[in-house]
Amino acid sequence: MSGPPTDVLLSVTVLRPEERRLLDALRAQGLSARPALPPDIAEVLSGREEPPRVALIRNLSHREALSIARRLDRAGITTVNSAAAIEVCGDKGLQALLFERHGIAHPTTRHAFNHDQVRQAVAELGWPVVVKPPSGSWGRGVVRLSDQGELEAWTGGRESADAAGKLFPVLVQRHVDKPGHDLRVIVVGEQPVVAFRRRSENWRTNTHLGAQVERVDIDAEIGRLCADVVAALGPGFYGVDLIEDRATGAVVVLEVNANPEFARSCDIHGVDVAGHCVAYATEVARSGLTLAA
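Rules of the game
The residue count restarts for each chain, going from 1 along the sequence in the order it is written. In keeping with the predicted nature of the model, local features appear solely for residues at pLDDT of at least 70, side-chain atom pairs appear and are counted solely at 80 or more, and the whole-chain, interface and lining totals rest on all residues. Just so you know, side-chain values use all the structure's heavy atoms and leave hydrogens and water out. Runs of E in the DSSP output that reach at least two residues are strands. Runs of H or I that reach at least four are helices, and both are numbered from the N terminus. Three labels apply to residues, based on accessible area from a 1.4 Å probe with only protein chains included: buried if under 20% of the type maximum, exposed if over 50%, partly exposed otherwise in between. Contact criterion: two residues are considered in contact whenever any of their non-hydrogen atoms come within 4.5 Å of each other. All tallies of charge rest on Lys and Arg as positive and Asp and Glu as negative; His and the ends of each chain are not included. Here a salt bridge means any side-chain nitrogen of Lys or Arg lying within 4 Å of a carboxyl oxygen belonging to Asp or Glu. Polar contacts here mean pairs of N or O atoms no more than 3.5 Å apart (in protein, one a potential hydrogen donor and the other a potential acceptor; neighbouring residues in sequence count only if both atoms are side-chain atoms). Note on pairing: DSSP must find at least two bridges between two strands before they are called paired. For every element, the axis is a line fit to its C-alpha atoms; helices are fit only across the contacting stretch, and the angle between N-to-C directions ranges from 0 to 180 degrees. To define a nonpolar core, start from buried Ala, Val, Leu, Ile, Met, Phe, Trp, Tyr and Cys residues and group those joined through side-chain atoms within 4.5 Å. Definitions used for this entry: grid spacing 1 Å over protein atoms alone; cavity, a set of points where a 1.4 Å probe fits but cannot get out; pocket, an open set with protein on both sides within 12 Å along at least 5 of 7 lines; lining residue, one with an atom within 4 Å of a point. Grid points are joined across faces, edges and corners, and a volume is the space filled by probe spheres set on the points. Residues are grouped as follows: Ala, Val, Leu, Ile, Met, Phe, Trp, Tyr, Cys and Pro are nonpolar; Asp, Glu, Lys and Arg are charged; all remaining types, including Gly, are polar. Put simply, angles under 35 degrees are roughly parallel, angles over 145 are roughly antiparallel, angles from 65 to 115 are roughly perpendicular, and the rest are oblique. By definition, any crossing whose near helix is turned counterclockwise from its far helix by less than a right angle is left-handed, and any crossing with a clockwise turn is right-handed.

Caption draft 1: A look at the overall build of the chain. Helix and strand content of the chain: 10 helices and 13 strands. Dimensions along the principal axes, computed over C-alpha positions, put the chain at roughly 65 × 45 × 35 Å. Expressed as a percentage of the 293 residues in the chain, the buried residues total 49%. Taking the intrachain contacts of the chain between residues at least 6 apart in sequence as the baseline, contacts between residues at least 24 apart amount to 67%.

Caption draft 2: Region of interest: the side chain of K92. The residue K92 is located in helix α5 (residues 92-102) in this model. Despite its burial, K92 pairs with no opposite charge, the nearest such side chain being E255 at 4.2 Å. Separated by 2.7 Å, the side chain of K92 and the backbone oxygen of G136 make a polar contact. Among residues more than four places away in sequence, those in contact with K92 are K132, P133, P134, S135, G136, L171 and E255.

Caption draft 3: Examining the sheet that holds strand β5 (residues 109-112) more closely. The strand order across the open sheet built from four strands is β5-β8-β6-β7, with neighbouring strands paired in antiparallel fashion. In the strand order of this sheet, the two ends are held by β5 and β7 (143-145), each with one partner. In this sheet, neighbouring strand axes are inclined to one another by 25 degrees on average, regardless of whether the strands run parallel or antiparallel. Across four bridges, the pairing between β5 and strand β8 (residues 170-174) is antiparallel. Its bridge partner being in β8, T109 is matched across the sheet by Q173.

Caption draft 4: Representation of unusual backbone geometry in the model. In this structure, the amide linkage connecting V80 to the following residue, N81, adopts the cis form with an omega of 10 degrees. Tracing the chain through its elements places N81 in the loop between β4 (78-80) and α4 (83-89). Look at the link from W127 to P128: it is a cis peptide, with omega at -15 degrees. Residue position: P128 is located in the loop between α6 (115-125) and β6 (129-132).

Caption draft 5: Examining the nonpolar core more closely. Of all hydrophobic cores here, the largest spans 39 residues; its most connected members are V240, L242, V253 and V256. A total of seven residues in this core trace back to one element, the largest contributor, which is helix α8 (residues 220-233). Residues in contact with V240, not counting those within four places in the same chain, are L183, R184, V185, V187, V229, V253, E255 and V256. Core analysis: the second largest hydrophobic core is formed by 30 residues, L26, V271, V273 and V278 among them.

Caption draft 6: Focus on the pairing of strand β9 (residues 181-189). By the criterion of burial, β9 is predominantly enclosed, with nine of the nine residues buried. As defined by bridge partners, β9 adjoins strand β10 (residues 191-199) across eight bridges and the pair is classed as antiparallel. Residue pairing in the sheet places D182 in a bridge with R198 of β10. The hairpin formed by β9 and β10 contains one residue between the paired strands. By the bridge criterion, seven bridges tie β9 to strand β12 (residues 236-244) in an arrangement that is antiparallel. Its bridge partner being in β12, G189 is matched across the sheet by G236.

Caption draft 7: A look at empty space enclosed by the protein. Following the criterion strictly, the structure yields two cavities of 30 Å³ or more and no others. Surrounding the largest cavity, K92, Q95, A96, F99, H106, T109, K132, L171, Q173, L254 and E255 form its lining. Elements with a minimum of two residues in the lining of the largest cavity: α5, β8 and β13 (251-257). Its residues assigned to classes, the lining of the largest cavity comprises four nonpolar, four polar and three charged. The space that makes up the second largest cavity amounts to roughly 40 Å³. Surrounding the second largest cavity, L22, L56, I57, R58, V80, N81, F237, A258 and C277 form its lining. Considering every element that reaches the lining of the second largest cavity, the biggest residue donor is strand β3 (residues 54-58), with three residues. When grouped by side-chain class, the residues that make up the lining of the second largest cavity number seven nonpolar, one polar and one charged.

Caption draft 8: Representation of the packing of α6 against helix α7 (residues 148-161). It is the contact of α6 with α7, at a shortest axis distance of 11 Å, that shows an interaxial angle of 160 degrees. In terms of axis orientation, α6 runs roughly antiparallel to α7. Like other packed secondary-structure pairs, α6 and α7 cross with a definite hand, here right-handed. Side by side, α6 and α7 meet where H115, V118, R119 and V122 of the first sit next to L151, E152, W154, T155, R158 and E159 of the second. For the contact of α6 with α7, the per-class residue count stands at four nonpolar, two polar and four charged.

Okay, here's the thing in structure tokens:
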């Protein structure tokens, strides 16, 4: 083995502003930290490098992140997030099943493995519905269907692009009419550290699609929903997306992201998310805490 062990290994695909802030915050806390591409992870797994005390998993690809987290876990290295949490957060279908099992408020969701099951789910849920792939980010592949004509147009396009049906399953979800915004809550460890609205004229309220950020207080309802998520997934570093029903005022969990972006929103709401994450990673590194979902 070469060199002293690293306190925190930052597993990355590329160094985005988020990862640069994490590295700066780690080093400011006196921790040894370095970024690692997948080939660098191989050096750790082979034993040619000393294992880190903890690894922060920040790979862009869900498949890559899950693969690396699983391998590090088998090598006895604690990861943030855990492989189990990354697996669930990378599949919205698994999230829906987990939320249902744990009684976490969530839009009614059905899995469809063919077009007939999509139609069956629509008949059950009623118009409008949201159809989405189990995996993906930034709203890619997510469509809102409001009537039979839109469903048939979606079906025709899908059959042309995927005649063999290899892109199934999809999720068919009851549409929640939200009041022009959703809520993103950043959870670190077991605690929500900041919440903010993402306001947009587009029904998809992703900051990547131009949504405006506005900080809000973490009230009792937000705290309860985040506590439910942590109880189901285990402690970690999450972006929890909540949506409010315009008609009833009820707030539900839409999905949870295990690799949240935060640099752009931090510049607006002012909370040092990287600092919170580093404090948690420091706690994990120094205590040898094993995360579990």
